[in-house]
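Read off the chains here:
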Amino acid sequence: MGGNKIKGAEVFYFGFCVVLIRRSKEVLGKTGKNLMVLIKPSDSSQYKDLVDVLDELNITQVPSYAIVDISKEDVARLKAQGIY
């Protein structure tokens, strides 16, 4: 039974994958266009995190994405939510 436990990171990426699939279908249905994902790594991001996100985009077949700088406003919003 213990071998089937899902670790925290796996839960995150599974949830991320589900959200990507749902949003992709929603955007395609409403606009006829593909979902565009903006990836905003922060100073505390690790290279592995970026690779994992890119892998999930590939798995969920999200064809449009960009890696952009995170803004000061984004950081402030994340800090206000206790995420950063």
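Described below are features of the structure shown in this document. (Residues numbered from 1 in each chain as written. Predicted model: local features only at pLDDT ≥ 70, side-chain atom pairs only at ≥ 80, totals over all residues. Heavy atoms only, no water.)

Let's talk about helix 2 (residues 47-59)
- Relative to the 18 Å expected for 13 residues at 1.5 Å per residue, helix 2 spans 18 Å between its end C-alpha atoms, a close match to the ideal helical length.
- Turning to helix 2, its buried residues number three or more, namely Asp-52, Val-53, Glu-56 and Leu-57. An end-on view of helix 2 places all buried positions within 140° of arc, on one side of the element. For helix 2, the exposed residues set more than 90 degrees away from the buried face come down to Tyr-47, Lys-48, Asn-58 and Ile-59.
- Just downstream of helix 2, Gln-61 is the residue with a positive phi angle, here 60°. (Helix = DSSP H or I, 4+ residues; strand = E, 2+ residues; numbered from the N terminus. Expected span 1.5 Å × (residues − 1). Buried < 20%, exposed > 50% of the residue type's maximum accessible area, 1.4 Å probe, protein only. Arc of directions from axis to C-beta.)

With respect to the pattern of salt bridges
- Applying the stated criterion across every chain, the model contains five salt bridges.
- Taking the shortest distance from any N to any O, the salt bridge between Asp-52 and Lys-48 comes out at 2.7 Å. Of this pair, Asp-52 and Lys-48 both sit in helix 2, four residues apart, which is roughly one turn of the helix.
- With a closest N to O distance of 3.0 Å, Arg-77 and Asp-74 form a salt bridge. Placement of both Arg-77 and Asp-74 in helix 3 (residues 72-80) is noted, with a separation of three residues, approximately one turn of the helix.
- Owing to a relative accessible area of 47%, Arg-77 belongs among the partly exposed residues under this scheme. (Salt bridge = Lys/Arg side-chain N within 4 Å of Asp/Glu carboxyl O.)

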